[in-house]
Amino acid sequence: MNHVNRQADSVRTLRWNGKAIEMIDQRLLPHHIEYVACDSARSVADAIRNMVVRGAPAIGVAAAYGVALEAVRLRNADRETFATNMQAGFAALSASRPTAVNLFWALDKMKALLQANGNKSPAELASLLLRQAHVMLEEDIRINRDMGRHGAALLPDGARVLTHCNAGALATAGHGTALGVFRSAVEAGKHIAVFADETRPFLQGARLTAWEMVQEHIPVTLITDNMSGYLMSRGEIDAVVVGADRVAANGDVANKIGTYMVAVLAQRHHIPFYVACPLSTIDLSLSSGKDIPIEERPADEVKGFRDCQWAPEGVAIRNPAFDVTPVELVTALITEKGVVDNAALIRNGLGDFVRKHQP
Ligand code: MRU
């Protein structure tokens, strides 16, 4: 993993430099724009684990590049060495973070491509896998734009919308899921005012969502996580839109810790709670959200931030990074293939919808 200092001309979450995948180092935002270049499965796995790159779709695309780069690194190896090392690369990537299913979705896609081309040489496989990673990056942007269009239609002109964490361009290959809905609404001529939850403990809302919106001159107001109930009770929020890390077959949604709390508050105040998620985030192998693996992150993230520690040594800490919002609280899921409303979710779950659109 090498650090590359660049001018902040056009900020892209992931970009191919001809030899390696460069990722904007999201730990340093919004104060520093610095890219990290990764050229192997292991270096991409480290970047995912260490939060250089984060957000479900971005993790998926990064993992695809991790596989491709491992193959490129091994392109002159004999078949046996290639196969053994590729297996180790897959293992490192799949152990990087557990909750976002896009990681496993991307790895499965790459594995299927390898298996379908078992007769090809390592060099041929490397170029096939690399091409596939490029396609996945481009497709992710297109999917987010489609999702954005469907979601934008749900927001009235003048809507004041709350979001939690960062489900923006930084969490994807571009445009974003929840923030993609806001961007598309603005592109369609609507006036949208965004409220960004700070999102303790990693501050994705304060550091990343606020930054993305400020960059694009979309009106944004930052609040701490404990303020949304107050604003809702005063009629200052018209809708909530969040992203997702994994959605179970029944429509239960795993997303950044604190999302569940926002969904409960939204229901209490009769505010629509929308989840923007591509089909790659839906995991039909899990019947409900109770089976979604929830990542526990290091205690230090709760004790303080960067060099500043505010909690006493010796205090017990819990740091679950995600929670599960039950389908009953979800007004609708916004996907690239259209919107699935709560009645349809409760009646049918997501099986038929996903199979129809992703045979
Ligand atoms: O821990 P993170 O920053 O990877 O968590 C990200 C989220 O929870 C996002 O809301 C989710 O991945 C949706 S991104 C389009």
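Refer to the preceding data block for the structure.
In this text, all values refer to a predicted model and were calculated from it rather than measured experimentally.

Regarding the overall build of the protein chain
Looking only at helices and strands, the protein chain features 12 helices and 17 strands. For 359 residues, the compact-globule estimate of 2.2 N^0.38 gives 21 Å, and the protein chain sits close to it at 20 Å. Here the C-alpha coordinates of the protein chain stretch approximately 65 × 50 × 45 Å along the principal axes. Within the protein chain, the proportion of its 359 residues that are buried is 56%.

Topic: the pairing of strand β11 (residues 273–276)
Across a regular strand the side chains alternate sides, sitting on one face of the sheet and then on the other. Of the two faces of β11, both are covered, the one formed by F273 and V275 as well as the one formed by Y274 and A276. Where strand β8 (residues 239–242) and β11 come together, three bridges link them in parallel fashion. Counterpart to V240 in the pairing with β11 is F273. Sheet topology places β11 next to strand β16 (residues 332–335); three bridges connect them, and they run parallel. Bridging from a neighbouring strand, Y274 pairs with A332 of β16.

A word on the site of the ligand
Inspection of the region around the ligand gives 19 residues, with R54, R97, D245, N255 and K256 positioned closest. One of the side-chain nitrogen or oxygen atoms of R54 is found 2.8 Å away from an oxygen atom of the ligand. Within the complex, the protein chains bury 100% of what would otherwise be the 420 Å² of accessible surface of the ligand. According to the grid-proximity analysis, the pocket containing the ligand is the largest cavity. Mapped by element, the contributors of at least two residues to the shell around the ligand are α2 (56–73) and β10 (253–256). Per-class residue counts for the shell around the ligand are eight nonpolar, seven polar and four charged. If you count residues domain by domain, the shell around the ligand takes at least three from each of domain 1 (2–144) and domain 2 (149–357).

The rules behind these values
Residues numbered from 1 in each chain as written. Predicted model: local features only at pLDDT ≥ 70, side-chain atom pairs only at ≥ 80, totals over all residues. Heavy atoms only, no water. Helix = DSSP H or I, 4+ residues; strand = E, 2+ residues; numbered from the N terminus. Rg over C-alpha atoms; globule rule 2.2 N^0.38 Å. Buried < 20%, exposed > 50% of the residue type's maximum accessible area, 1.4 Å probe, protein only. Pairing = 2+ DSSP bridges. Near = heavy atom within 4 Å. Polar contact = N/O pair within 3.5 Å; in protein donor to acceptor, adjacent residues only side chain to side chain. Areas by Shrake-Rupley, 256 points an atom, 1.4 Å probe, with all protein chains shown as cover. 1 Å grid on protein atoms, 1.4 Å probe; cavity = no way out; pocket = protein on both sides within 12 Å on 5 of 7 lines; lining within 4 Å. Sits in = over half its atoms within 2 Å of the grid points. Nonpolar A, V, L, I, M, F, W, Y, C, P; charged D, E, K, R; others polar. Domains from an automatic or database assignment.

This is a description of form; function is not addressed.
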